[in-house]
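# Structural overview for review
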Amino acid sequence: MCGVFGIVFAENRSDLGEYLVKASRKLVYRGYDSAGFATIKTDGSTQLKKGPGKLETVIEQFHIQKMSGSRGIVQLRWATFGEPTEANSQPHYDSDGDIIGAHNGNIVNTSSLIEAFKRDGYTVRSQNDGEMVVHAFEKYFNETKDPLLSMQKAQTMLKGDYAFIVGHQHDNHLLAVKKGSSLYVGIGKDFIACSSDLASLLQFTNKIVDIHDGEMIYYNHEHYQLYDLFSGAKIEREPYLSPIKVEEANLEGFAHYMKKEIHEQIIKTRELTELLNHDPHTLDETSKILSKANRIFIVASGTSYHASLIGSYYLNHIARLKTQVVIAGQFNEYYGHLVDNNDVVFCVSQSGETKDVVNVINPIRDQKLCPIISMVNIIGSSIAHKSDITLNIAAGVETSVPATKTFMNQILLFLYLSAYIAKQTGAPEAEEVFSIIGTIPELIAKTIEQDEEPCQALADTVISKAHDLYCLGYGLNYGSAMEGALKIKEVYYRHCEGMYSSEFKHGPLSIVEEGYPILFPASPSESGMVISHINEITVRKGFVVLISPYDEGYARNANSYIITPNCHHYLTPFANVVCMQLIAYFSSVLSGYDPDFPRNISKTLTVD
Ligand code: BG6
């Protein structure tokens, strides 16, 4: 996820840079591995200052506050296409520097566009998808000299979701496009501005015009016109006064980032699937390395470890690869001395900075022991730089400390990779798995719609009365149970132990007394064993909350049942973990805690 902002005044302003800096500070949560600022003066002269690094560093380095002009474009980047470098930062010029633009989104056919534009003689300066949007606009502007017609034609070349802002040096307007990514329009007393983020506008004006997906807006300092992006037809829409206070706007109406990011799992799984469908290059390299390995160690911490438990099941069952999951802090003690070049170490870390994981990578790299693959959310991170291959989960910035959408995209990427490898080896399941992957965003959406209330009710009636509890899982959903238990510990501060359900009878069962709550995410495919494990508890008056697609045996044997939408066995963790996230979230909020910034923990631990 990134952030864009574009503003137009009537005349050159010496305080334009101040406006751009203020806007950027409201966008920084959307991306902070690079930042860029462009200004255009009424005489058409332009300035572009951009680079990798934290926003405040870039602001200071380039004296952004001192920038002046009548138009300005800002972009905060969350790297998806191309490392965080100066060249890959946005905004971008077109080939001869009279057009400048920036986007937020994912252009999934970027690699083919780069080849095409280079072949056709455009000046391609980066690997970044945002630059391809500028060249697509440039292509048709050179033909038509009409910004609206140019954008109408340019969008036919672009596959994926985006919001785009572009300006020509000799046109006192900016053009902004909304196609799948967020965009808002603010009408000030002496300017008009567009932005990915409502809060960055509300600090300047609360007069807002709605722009919908598939629309574009052409605006100067006092006048705007909306158009249909595809037909070019004019759209008339009046502004209104937004009642939202600035601090609420980044949350886009949600009470907490955790809730917002649980809901974002719908669009983020869709975007990742589209990215993987259009650019399987890295999957291919990963497939080749994993398929040759004798042993595959998947190494991770926390939520990433739980995603890896599920990922390991997928790789073992679908891709038929022998993988084992190891807690990062445990690896060197147990296996470090055994690693040889027939192995592969597969590091999973959303931040790409977790020290426990870095400690695994360093000796392997120093001694060149074996290939290192990583799966991260931040492609410019230390773990990514130290890896031979990096898989990007493209979940965008995750603001809330408890991981939610990064977990979902991790297990999605594992599932996709498993099917991809299976397809290379001609395994029969591959096509079936690819067919169900496309249903994941809808499954998450249906789960939230169907189960949000039951999860809130469960939090209110059962979980809020528990001083501690267990979360059991069997087979594929062992990872679901471990992740559910962690969510409850992280945001509700109650002891909740995750455990493989067959282990529970070997001692922990003694904790069960009347009404003792046990959460049990499961799959109907595992009902034979799971019903035995349920009954071991219920005959001792424990209280089992089953979470799974409907199964009559579960309905008859569990004390409480959160029924998730019907889905393939492989997809049960997606829906089950959404429910666990919601149960933990509501339990936390009901207790007056802040689920986004829980006590004692942090988003990334770069210490031992
Ligand atoms: C912990 C975080 O510090 O690190 C967890 O609180 C996270 O949410 C864990 O799952 C691992 O982080 P990463 O970035 O390596 O996935």
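Cut-offs and rules
Residues numbered from 1 in each chain as written. Predicted model: local features only at pLDDT ≥ 70, side-chain atom pairs only at ≥ 80, totals over all residues. Heavy atoms only, no water. Pairing = 2+ DSSP bridges. Helix = DSSP H or I, 4+ residues; strand = E, 2+ residues; numbered from the N terminus. Phe/Tyr/Trp six-rings, centres within 6.5 Å; stacked < 30°, edge-to-face > 60°. Buried < 20%, exposed > 50% of the residue type's maximum accessible area, 1.4 Å probe, protein only. Lys NZ or Arg CZ within 6 Å of the ring centre and 35° of its normal. Expected span 1.5 Å × (residues − 1). Axes fitted to C-alpha atoms, helices over the stretch in contact; angles between N-to-C directions. Parallel < 35°, antiparallel > 145°, perpendicular 65-115°, else oblique. Left-handed = near helix turned anticlockwise from the far one by under 90°. Contact = heavy atoms within 4.5 Å. Polar contact = N/O pair within 3.5 Å; in protein donor to acceptor, adjacent residues only side chain to side chain. Core = buried A, V, L, I, M, F, W, Y, C linked by side-chain atoms within 4.5 Å. Domains from an automatic or database assignment. Nonpolar A, V, L, I, M, F, W, Y, C, P; charged D, E, K, R; others polar.

### Observations concerning the sheet that holds strand 13 (residues 224-228)
With antiparallel pairing, seven strands are arranged side by side in an open sheet as 5-6-7-8-12-13-14. Of all the strands in the sheet, the pair left with one neighbour each is strand 5 (92-93) and strand 14 (234-235). For strand 6 (residues 99-107) and strand 7 (residues 160-168), the ladder comprises nine bridges, and the chain directions are antiparallel. Bridge assignment links Asn104 to a residue of strand 7, and that residue is Ala163.

### So, the packing of aromatic side chains
Using the criterion set out here, one finds 23 aromatic pairs in the structure. Ring geometry for Phe117 against Tyr122: centres 4.9 Å apart, planes inclined by 70°, an arrangement best described as edge-to-face. For the pair formed by Phe117 and Tyr122, the shared burial category is buried. Aromatic pair Tyr474 and Tyr500: ring centres 5.4 Å apart, planes at 50°, arrangement tilted. You can see Tyr474 sitting in the loop between strand 21 (468-473) and helix 17 (478-492) and its partner Tyr500 sitting in strand 22 (residues 495-500), a full 26 residues away along the chain. Through a chain of ring-to-ring contacts, three or more aromatic side chains come together here, namely Phe5, Phe9, Tyr19, Phe191 and Phe204. When the ring centre of Tyr140 is taken as origin, the NZ or CZ atom of Lys139, which lies over that ring, is 5.4 Å away. Arg494 extends its terminal NZ or CZ atom over the ring of Tyr492, reaching a point 4.3 Å from the ring centre.

### Here we look at helix 10 (residues 302-317)
Residues spaced three or four apart along an α-helix point in a common direction, a consequence of the helix completing one turn every 3.6 residues. Along its 16 residues, helix 10 runs 23 Å from first to last C-alpha, staying within 8% of the 22 Å computed at 1.5 Å per residue. Burial of helix 10 is extensive: 13 of the 16 residues sit out of reach of the surface.

### Things to note about the packing of helix 10 against helix 17
As a packed pair, helix 10 and helix 17 sit with axes 7 Å apart at the nearest point and diverge in direction by 165°. Accordingly, the angle class assigned to the pair helix 10 and helix 17 is roughly antiparallel. Both helix 10 and helix 17 take part in a crossing whose hand is left-handed. The segment helix 10 lies against helix 17, with Gly302, Thr303, His306, Leu309 and Ile310 engaging Tyr478, Gly479, Ser480, Met482, Glu483, Leu486 and Lys487.

### Comments concerning helix 4 (residues 129-144)
Compared with an ideal rise of 1.5 Å per residue, which puts 16 residues at 22 Å, helix 4 spans 23 Å between its outermost C-alpha atoms and is within 8% of the ideal. Where burial is concerned, most of helix 4 is hidden: 12 out of the 16 residues are buried. Taken as a whole, helix 4 has its buried residues at Asp129, Gly130, Glu131, Met132, Val133, Val134, His135, Ala136, Phe137, Glu138, Tyr140 and Phe141. Packed against the buried residues of helix 4 are strand 5, strand 6, helix 3 (110-119), helix 5 (147-154), strand 7 and strand 8 (174-179). Between the side-chain oxygen of the N-cap and the backbone nitrogen of Gly130 there are 2.8 Å, and the N-cap of helix 4 in question is Asn128. One or two steps after helix 4, the chain reaches Lys145, where phi turns positive at roughly 60°.

### Things to note about the nonpolar core
Residues Leu290, Tyr314, Phe346, Leu415, Leu519, Tyr570 and Phe574 are the most contacted members of the largest nonpolar core, which totals 90 residues. It is helix 14 (residues 405-424) that provides the largest number of residues to this core, a total of 13 residues. Structurally, this core is a two-domain feature, drawing no fewer than three residues from each of domain 2 (255-438) and domain 3 (439-608). Excluding its chain neighbours within four sequence positions, the residues that come into contact with Phe574 are Tyr314, Met408, Ile411, Leu412, Leu415, Ile440 and Leu443. Core analysis: the next-biggest nonpolar cluster, separate from the first, contains 28 residues, Met132, Ala136, Phe137 and Leu175 among them.

### A word on the side chain of Asn109
With respect to the element layout, Asn109 can be found in the loop between strand 6 and helix 3. Contacts of Asn109, omitting those with residues within four sequence positions, involve Met157, Leu158 and Lys159.

### So, the packing of helix 17 against helix 20 (residues 572-590)
Each pair of packed helices gets described by two things: the angle between the helix axes and the distance between those axes. Two elements in contact, helix 17 and helix 20, have axes separated by 9 Å at closest approach and are oriented at 15°. Relative to helix 20, the element helix 17 is oriented roughly parallel. Viewed along their axes, helix 17 and helix 20 form a crossing whose handedness is right-handed. Counted together, Ser480, Glu483, Gly484, Ala485, Lys487, Ile488, Val491 and Tyr492 of helix 17 and Pro573, Val577, Met580, Ala584, Tyr585, Ser587 and Ser588 of helix 20 form the full contact between these two elements. The residue makeup of the contact of helix 17 with helix 20, split by class, is nine nonpolar, four polar and two charged.

### Quick look at the pairing of strand 18 (residues 343-349)
Counting buried positions along strand 18 gives seven out of seven residues, so the element sits mostly inside the fold. Alternating positions in strand 18 separate into two faces, Asp343, Val345, Cys347 and Ser349 on one and Val344, Phe346 and Val348 on the other, with burial throughout. Note that strand 16 (residues 295-300) and strand 18 share six bridges and pair parallel. Opposite Ala300, over in strand 18, you have Val348 as the bridge partner. Examined bridge by bridge, strand 18 and strand 19 (residues 372-376) share five bridges and lie parallel to one another. Across the sheet, residue Cys347 finds its bridge partner in strand 19, namely Ser374.

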